[in-house]
Structure formats: structure tokens, C-alpha cells
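Residue-level listing of the chains:
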Amino acid sequence: MNTTNIRYSRHLNLSAVGKEGQKKLKAAHISIIGLGGLGTPASLYLASSGIGNMSIFDFDDVDETNLPRQILFRDDDVGHAKAKVAADRLRRINPKINCEAINKKFKKNNIEKYLDQSNIVLDCTDNFSSRWAINEICAQKKISLISGAAIRFEGQLSVFRHDLGIGPCFRCLYEEADENLNDCSGQGILAPVAGTIGCMMATEAIKLILNIRSDLYGQLWTYDGISGQSRIIRIPVKDDCPICVKQ
């Protein structure tokens, strides 16, 4: 058995993956925007699973308050650029992948060009302005979008099939009036809850690549870390959604 088959042998044993599925993972290109509590565990599992090409975006430096939940980073990374640290570490975890670090503040006009080769975008940002812009770019470029969020003991996740040109989209879920909703810096976040959502995002990305049907397309999956319960809520397409009316 060659080294690739040994590394991914547990994947190869899955009928839904196998050798052909693992080849699809290797050929895929996933972009992760935001390397916080969601983006770091998602990137770790995607790299370990053999996603062949990854672009990771973050303009910030590692801060000591990041360390409990942003699991790629260590004490000696504090003060260094998140994107570069993460890319270096992911390449060490799996030398067989290509991982590009984009150390730029998210703005539509300086990020859009980097997404042209992406099959899937993971939105792991923490503000609505970025989320709306990412949603719009993915709709324009017909890229599948996986959006996650976590705060306190709660998390949520949605999968938007812009690649199919169908709604709903993130703008159907949240409006501009929601922009001032609480964030984790003010309200706090339990580290493993962020990890739970990040891992779910990685799982949904792999399912998309392998064409494994998900019940989360156009739905909102919510998770309560205290009760351990989750539920799925349908997101209706808004009649006046500026994104969906163009698709």
C-alpha cells in the first residue's frame, strides 16, 4: 500500500469516499475566510482530510485571548500574522496539500480575485458587513457558501448553493438591522462550541465535494451547547432579497 493509501485508509474504507472520492478531495479548492474559533478547526480537518488546495484569509495577528479556541495557534505565535502561521502549520500537518495565506483585511475589491479557483467558501468571519459581501461574491461567481457562527454556548450553520443558482442566501437570513447583534468578544464564547461549528463546516464542505446529500441546503442548523440539542430551521427566500432576485 502506498503512503497516500495508508494516510487516507480510513476514508478509503468508506463507500461514500473510496479512492475516487479521495481524488476529488485532492483536486478541490476551498477558501476559508477568517481564522478564528471556526476557521482554525475547519482548516485543520480539511487539511488533514486531504483537501488539495486551500486559500486562507485573515489580516489579524495572533492574540493571547485567541489561544483557547483558535487551536492552530500556540503561545509563541502571539504577535505573528494568523494567515502565515496557520498556512505554515497546516503544511506541516499535511505536506501533500497546497495552502496559500492571504494576509489582507477583507474588502470586496481586494479579496474577490482570490476566489476564482474556489469550489467552496467557508465564511468564518465575525461581522455582518463581511458576511454580506462574501455572500454577494459567492452568488456572482456561483460558488457554494458555508456560513457558521458561534457565541456563548450557541452555534449555527447554513449551506447556500450559489453554485446551483438557487436561494435562499445569507441576505434572506439576516438584514442590515441585525448588524449590531452581539459578538463573542463582548459576550464570550465557550471554546469547544466554536470547535463544534468549525468541524461541522468542514464536514459539510467534504460532503459537497463528494456529492453527498445534506439536509442543510438553504436551512439553518442551530446547536445549544448547554442542552446538547440541535434543530434545523428552513430559511425562506425573501421576495425582496437583492441577491436571490439576480440568480
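Preceding block: the structure.
Description of the structure in this document.

Overview of the overall build of the protein
From N to C terminus, the protein includes 10 helices and eight strands. For 247 residues, the compact-globule estimate of 2.2 N^0.38 gives 18 Å, and the C-alpha radius of gyration of the protein, at 17 Å, lies within 12% of that figure. Oriented by its inertia axes, the alpha-carbon framework of the protein measures out at about 55 × 40 × 40 Å. Sequence separation of at least 24 residues holds for 66% of the intrachain contacts in the protein that already meet a minimum separation of 6.

Comments concerning the pattern of salt bridges
Two side chains bearing opposite charge may form a pair once their charged atoms approach each other closely. Evaluation of the coordinates by the stated rule reveals nine salt bridges. Between Arg131 and Asp123 there is a salt bridge; the shortest N-O distance is 3.8 Å. Pair check on accessibility: Arg131 and Asp123 agree, each one buried. Ionic pairing is found between Asp163 and Arg161, a salt bridge with its closest N-O pair at 2.6 Å.

Brief notes about the sheet that holds strand E4 (residues 120-123)
Strand order in the open sheet formed by eight strands is E3-E2-E1-E4-E5-E6-E7-E8, with mixed pairing between adjacent strands. With partners counted over all chains shown, the strands left at the sheet margins are strand E3 (98-102) and strand E8 (230-234), one partner each. The sheet shows a mean angle of 15 degrees between the axes of neighbouring strands, direction not considered. Taken together, the four bridges between E4 and strand E5 (residues 144-151) define a ladder with parallel strand orientation. Residue pairing in the sheet places Ile120 in a bridge with Ser144 of E5. Packed onto the sheet, helix H4 (residues 39-49) meets strand E1 (29-33), strand E2 (53-57) and E4 and runs at close to 165 degrees relative to E1. Contacting E1, E4, E5, strand E6 (154-160) and strand E7 (219-224), helix H10 (residues 191-209) runs over the sheet at an angle of about 170 degrees to E5.

Side note on unusual backbone geometry
In this model, Gly167 is joined to Pro168 through a cis peptide bond whose omega is 5 degrees. For Pro168, the position within the fold is in the loop between E6 and helix H8 (170-173). Positive phi, normally seen in glycine, also occurs at Lys142, with a value near 60 degrees. Structurally, the position occupied by Lys142 is in the loop between helix H7 (128-141) and E5. Lys142 sits in the partly exposed class, given a relative accessible area of 42%. If you check the backbone angles, Asn211 has positive phi at about 60 degrees while not being a glycine. For Asn211, a relative accessible area of 70% puts it in the exposed group.

Reading the values: the criteria
Residues numbered from 1 in each chain as written. Predicted model: local features only at pLDDT ≥ 70, side-chain atom pairs only at ≥ 80, totals over all residues. Heavy atoms only, no water. Helix = DSSP H or I, 4+ residues; strand = E, 2+ residues; numbered from the N terminus. Rg over C-alpha atoms; globule rule 2.2 N^0.38 Å. Contact = heavy atoms within 4.5 Å. Salt bridge = Lys/Arg side-chain N within 4 Å of Asp/Glu carboxyl O. Buried < 20%, exposed > 50% of the residue type's maximum accessible area, 1.4 Å probe, protein only. Pairing = 2+ DSSP bridges. Axes fitted to C-alpha atoms, helices over the stretch in contact; angles between N-to-C directions.

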